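So you can see what is in the structure, the chains are spelled out below.
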Amino acid sequence: MKPSDFAGAPVSPVRAPLDPVCVRSGSAPLDPASVSVQGYSRETSQASDTPSSMPMLRGLAFNVQNYSVHDGPGIRVEFFMKGCPLRCEWCSNPEGISPYPEPGSYPDKCMGATECGRCLAACKQKALLFTPEGTLGAIDRDVCIRCLACTRACLTGALSAWGQYYGVGEALDIIRKDRVFFERTGGGVTVSGGEALMQPEFVRALFEQCKAEGINTCLETALYVRPEIVDDFFDCTDLFICDIKCMDDATHRARCGVSNQLILENLRRIAARAARLVVRTPVLKGFNASDAEISAIGRFIRDDLHGRVLQYQLLPYRQLGVEKYASLGQEYPMQDFVGYEREQWEPDIRHFIDLLQSMGINAVSGNNQKLELP
Ligand code: SF4
Ligand code: SF4
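Within every chain, residues take consecutive numbers counted from 1 along the sequence as written. Working convention: letters from A go to chains and numbers from 1 go to ligands, in the order in which they are written. Confidence filtering applies because this is a predicted model: local features only for residues at pLDDT of at least 70, side-chain atom pairs given and counted only at 80 or more, and all residues used for totals across whole chains, interfaces and linings.

What to know about the overall build of the protein
Helix and strand definitions follow DSSP, with helices as H or I runs of at least four residues and strands as E runs of at least two, each counted in order from the N terminus. Helix and strand content of the protein: 11 helices and 14 strands. Three classes are used. A residue is buried when 20 or more other C-beta atoms lie within 10 Å of its own, exposed when 12 or fewer do, and partly exposed in between, with C-beta atoms placed from the backbone. Taken over 374 residues, the protein has a buried fraction of 43%. For the purpose of contact definition, each residue receives a C-beta atom placed from its backbone, and two residues are in contact when these atoms lie within 7 Å. A fraction of 74% describes how many contacts in the protein between residues 6 or more apart in sequence connect residues 24 or more apart.

Regarding the site of ligand 1
What makes a residue near a molecule or strand is its C-beta atom, placed from the backbone, lying within 6 Å of it. The immediate surroundings of ligand 1 are formed by 14 residues, with Cys 123, Ala 127, Cys 144, Cys 147 and Cys 150 found nearest. The classification used treats Ala, Val, Leu, Ile, Met, Phe, Trp, Tyr, Cys and Pro as nonpolar, Asp, Glu, Lys and Arg as charged, and all other residues, Gly among them, as polar. Of the residues in the shell around ligand 1, the class split is 12 nonpolar, 1 polar and 1 charged.

Digging into the site of ligand 2
Cys 110, Cys 116, Cys 119, Cys 154 and Ala 158 are the nearest of the 13 residues found near ligand 2. Broken down by class, the residue content of the shell around ligand 2 amounts to 10 nonpolar, 2 polar and 1 charged.

Structural notes on the nonpolar core
As used throughout, a nonpolar core is a set of buried Ala, Val, Leu, Ile, Met, Phe, Trp, Tyr and Cys residues joined through C-beta atoms within 7 Å of each other. Counting 72 residues, the largest nonpolar core has Met 81, Val 191 and Leu 206 as its most contacted members. A per-element tally of this core places helix α5 (residues 200-212) first, with 6 residues. Within the second largest apolar cluster, 14 residues are counted, among which are Cys 110, Cys 144, Cys 154 and Leu 159.

A look at helix α7 (residues 249-256)
Of the residues making up α7, those classed as buried are His 252, Arg 255 and Cys 256. On an axial view of α7, the arc spanned by its buried residues comes to 85°, and they lie on one face. Immediately downstream of α7, the backbone of Gly 257 shows phi near 90°, a positive value. The directions from the helix axis to the C-beta atoms are what the arc is built from.

Quick look at unusual backbone geometry
Note the cis peptide between Gly 193 and Gly 194, where omega equals 15°. Take Gly 194: it is sitting in the loop between β9 (188-193) and α5. Phi is positive for Lys 126, close to 55°, though the residue is something other than glycine. Topologically, Lys 126 is positioned in the loop between α1 (118-122) and β5 (128-130). Despite not being glycine, Arg 146 has its phi angle at roughly 60°, a positive value. Checked against the element boundaries, Arg 146 lands in the loop between β6 (136-139) and α2 (149-153).

Remarks on the pairing of β9
Where burial is concerned, most of β9 is hidden: 6 out of the 6 residues are buried. Relative to β9, strand β3 (residues 76-81) is paired through 6 bridges, and the arrangement is parallel. Looking at the pairing, Arg 76 lines up with Gly 188 of β9. A pair of strands is treated as paired once DSSP finds two or more bridges between them. Where β9 and strand β10 (residues 216-221) come together, 4 bridges link them in parallel fashion. In the sheet register, Thr 190 faces β10, and the bridge partner there is Cys 218. Looking down the strands as they point away from the viewer, one classifies a crossover as right-handed if the path from the first strand across the helix to the second runs clockwise. In this view, the connection linking β9 to its parallel neighbour β10 by way of α5 has right-handed handedness.

Regarding the environment of Gly 193
Relative to the helices and strands, Gly 193 resides in strand β9. With 28 C-beta atoms packed within 10 Å, Gly 193 lands in the buried category. Placed 98 residues apart in sequence, Gly 193 and Glu 95 show a C-alpha to C-alpha distance of 9.7 Å.

Observations regarding the pairing of strand β12 (residues 277-283)
Burial analysis of β12 places 6 of its 7 residues in the buried class, the great majority of the element. Of the crossover connections in this fold, the one passing from β12 over helix α9 (residues 291-304) to the parallel strand β13 (residues 309-316) is right-handed.

What about the confidence of the model for the protein?
The predictor attaches a confidence to each residue, and that confidence, scored 0 to 100, is pLDDT. The pLDDT averaged across the protein works out to 86; a share of 84% of its residues lies at or above 70. Below pLDDT 50 for its whole length, residues 1-31 participates in 63 contacts with residues either more than four positions away or in separate chains.

Comments concerning the packing of helix α3 (residues 168-176) against α5
For every element, the axis is a line fit to its C-alpha atoms; helices are fit only across the contacting stretch, and the angle between N-to-C directions ranges from 0 to 180 degrees. Running from N to C, α3 and α5 point in directions that differ by 45°, and their axes come no closer than 10 Å. Relative to α5, the element α3 lies oblique. The crossing of α3 and α5 is right-handed. Counting all contacts with α3, which are made through Val 168, Ala 171, Leu 172 and Ile 175, the residues of α5 involved are Phe 202, Ala 205, Leu 206, Gln 209 and Cys 210. Residues of the contact of α3 with α5, tallied by class, amount to 8 nonpolar, 1 polar and no charged. Oblique is the label for any angle not under 35 degrees, not over 145, and not in the 65 to 115 range, which are roughly parallel, roughly antiparallel and roughly perpendicular in turn. Each helix crossing is assigned a hand: it is left-handed if the near helix lies turned anticlockwise from the far helix by less than a right angle, otherwise right-handed if that turn is clockwise.

So, in structure tokens, the structure goes:
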């Protein structure tokens, strides 16, 4: 249900801009100078045994996943940071777009206003919309100020917060607990998003400490950031994982909300520094699933990245995150792909891998093929 389903409620636009770094299809390209440090804040106290010389930073993450095996070698702890300057239509993490904490609603878990009603007392904005039957319907996002009081009041998870702040020391404590898995599998920590480089000070401080403790670091980034920010990560990052969504800039602007020129420039920069690099492409019919587009990406990897790409991963579109769109009161933007099954994408992916391998590129299907760092 959406706010517009309720009588008298204002209509919320789908995926409305919530933050100052938003850019949408057809709007002016985002100034990458504004793409940084939106989601972190300085900490008033530092947890754990983080050195006192370290800046007291907090990073905002919407998920922390242990035993992650898809984003970097071995078993990893993965932090998904909040905030992203891109607006890819197929995004499976809509809760990672806004750089602020925000409430999500799961009406099926609501006990009802009569039996409970704690959230109604907590919300001073009167932003919670209830059904005629007396259960939670939706959040009026035009009125909600994201104070999260309702999520703290709700005991069932019908209202829950997307986004939690972590100090560098707190993040390290989480990472260190899995050290035994890192040692056995060559794993470590991955910071992803959203866009990890929207919170560069936090991520860099975390990576520096991980490197000091011998923990492998992997940065998954869309690279739509100022080049100086990327430069700051060369000495503390063991592996960069970056997307090339398509080579045609107009298509990239139309489907991802921003130009691809800065992204490609940053990729060249990483390759020139001989950093370890994995490239990915989400493959989608009607977007980039054509010989012309995949070959163009292949030529860029071969000619502009000078053989630095350890692995090129083709990721078939999968219908993920539908319930998260609903929890944010947003429509799922990929309705045309509902029911798009393996037998439909697998032949295409196989064909593209053959094409890329004939160009001398180490192309693989998916992100679960073994990856060993040289
Ligand atoms: S986050 Fe705050 S303003 Fe928004 S619905 Fe919850 S209590 Fe109300
Ligand atoms: S606090 Fe949670 S369970 Fe209680 S009425 Fe509100 S949404 Fe429902």
